[in-house]
Amino acid sequence: MAGHSHSANNAHRKGLVDAKRGKLFSKLCRAVYVAAKNGGGDPDSNLKLRYAIDKARSYSCPKENIERSITKATGELGAENFEEVVYEGYGPGGVAVMVKALTDNKNRTAPEIRHVFTKFGGNLAEVGSVGWMFERKGLVQVDAHRVEEDELLALALDAGAADLRRVDQAFEITTTPQELEGVRRTLEERGVPIRSAEVSYVPQSTIRLEGRDAQQVLRLVEGIEELEDVQHVYANFDIPDEVLEAIGAA
């Protein structure tokens, strides 16, 4: 763009990165806050808090931000009231979408989520519409560059895990929700570099997407994830690598 210097472009890009990082930290600390408020500020006796802290640390969230959230939740710095709400809907191509949010105002959150669904060719549905298409499972993510797959698989199965697969730069270990903490603790004791551990919604089957539907679903998910109140987006689409590469290059 004429009149826009290279240094100005760099400053603008840095501003966008910093803004996204700040929003991510805010979401991570909100999860820490809610876990501490509901189950107490000791991660040794509050597994939800332990998982929230581990996840925040995996994204390099500042220690003081995490500690401030716990202190605030336990009543030492005042309190806020957040509740967990799950929204369900459909995206392009009939893709099922579940959205987990932590909000202090459902009258704000629901319209914001509905707007993004509508904008990208989907629709917000009634509770229970798509939830049956997902299973609650424990998921442990491990840095794929710091451990051998065969060794990790053997350790995970011995600890009670159900499966292991590679997803981008991480190994994803699947457990039942009940076995999650035992598997996480065993791997940690064996020196495995764990990125995160949490209970997640995993689709029972997936829908293959290409072309415009693939583009629209990715925009839908990205748009929902941008909302301040949203913690997680789960969906049952499957987009081939070559289609993702083509979309990224477009």
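Bear in mind the structure is a predicted one, so any value in this text is a computation, not a measurement.

Asker: Pulling in residues and values, what's your account of the overall build of the protein?
Answerer: A count of helices and strands for the protein gives eight helices and 10 strands. Taking 2.2 N^0.38 as the reference for a compact globule, 250 residues should give roughly 18 Å; the C-alpha atoms of the protein span a radius of gyration of 20 Å, in line with that estimate. Once the C-alpha set of the protein is aligned to its principal axes, its extents read approximately 55 × 45 × 45 Å. Long-range pairs, those at least 24 residues apart, make up 70% of the contacts in the protein with a sequence separation of at least 6. With the model as given, the accessible surface of the protein reaches about 14,000 Å², and the carbon-plus-sulfur share is 46%. Taking the 32 positively charged and 40 negatively charged side chains of the protein as two groups, their mean positions are separated by 6 Å.

Asker: Outline the environment of Gly-191, listing residues and values.
Answerer: Residue placement: Gly-191 occurs in the loop between helix 6 (180–189) and strand 7 (194–203). Residue classification places Gly-191 among the exposed residues on the basis of a relative accessible area of 59%. Gly-191 sits 44 residues away from Val-147 along the chain, and the two C-alpha atoms are 9.7 Å apart.

Asker: Outline the packing of aromatic side chains, listing residues and values.
Answerer: Throughout the structure, instances matching the rule amount to two aromatic pairs. Ring centres of Tyr-33 and Phe-82 lie 5.7 Å apart, and the angle between their planes is 85 degrees; on these two criteria the pair is classed as edge-to-face. Taken together, the residues span a long stretch of sequence, with Tyr-33 in helix 1 (residues 6–39) and Phe-82 in the loop between helix 3 (63–73) and strand 1 (83–90) at a distance of 49 residues. Relative accessible area serves as the criterion here: at 15%, Phe-82 is assigned to the buried category. For the ring pair Tyr-201 and Tyr-234, a centre distance of 5.3 Å and an interplane angle of 65 degrees mean the geometry is edge-to-face. On the criterion of sequence distance, the pair formed by Tyr-201 in strand 7 and Tyr-234 in strand 9 (residues 230–235) is long-range, its members being 33 residues apart. Given the relative accessible area of 22%, Tyr-201 is considered partly exposed.

Asker: Just give me the short version of the sheet that holds strand 3 (residues 123–125), but keep the residues and values in it.
Answerer: The strand order across the open sheet formed by four strands is 3-1-2-9, and the pairing between neighbours is antiparallel. Across the chains shown, the open sheet's two edge strands, defined by having one partner strand only, are strand 3 and strand 9. The average undirected angle you get between the axes of adjacent strands in this sheet is 30 degrees. Note that strand 2 (residues 96–103) and strand 9 share five bridges and pair antiparallel. Bridged to Val-99 within strand 9 is Val-233. Against the sheet, helix 4 (residues 106–119) contacts strand 1, strand 2, strand 3 and strand 9, and its axis sits at roughly 25 degrees relative to strand 1. In this fold helix 7 (residues 211–225) packs onto strand 2 and strand 9, with an angle of close to 160 degrees to the strand it touches most, strand 9.

Asker: Describe in detail the state of the cysteines, supporting the description with residues and values.
Answerer: In this structure the tally under the stated criterion is zero disulfides. Between Cys-29, a cysteine without a disulfide, and Cys-61, which holds the nearest cysteine sulfur, the sulfur-to-sulfur distance is 3.6 Å. Owing to a relative accessible area of 6%, Cys-61 belongs among the buried residues under this scheme.

Parameters and conventions
Residues numbered from 1 in each chain as written. Predicted model: local features only at pLDDT ≥ 70, side-chain atom pairs only at ≥ 80, totals over all residues. Heavy atoms only, no water. Helix = DSSP H or I, 4+ residues; strand = E, 2+ residues; numbered from the N terminus. Rg over C-alpha atoms; globule rule 2.2 N^0.38 Å. Contact = heavy atoms within 4.5 Å. Areas by Shrake-Rupley, 256 points an atom, 1.4 Å probe, with all protein chains shown as cover. Lys, Arg positive; Asp, Glu negative; His and termini not counted. Charge placed at Lys NZ, Arg CZ, Asp CG, Glu CD. Buried < 20%, exposed > 50% of the residue type's maximum accessible area, 1.4 Å probe, protein only. Phe/Tyr/Trp six-rings, centres within 6.5 Å; stacked < 30°, edge-to-face > 60°. Pairing = 2+ DSSP bridges. Axes fitted to C-alpha atoms, helices over the stretch in contact; angles between N-to-C directions. Disulfide = S-S within 2.5 Å.

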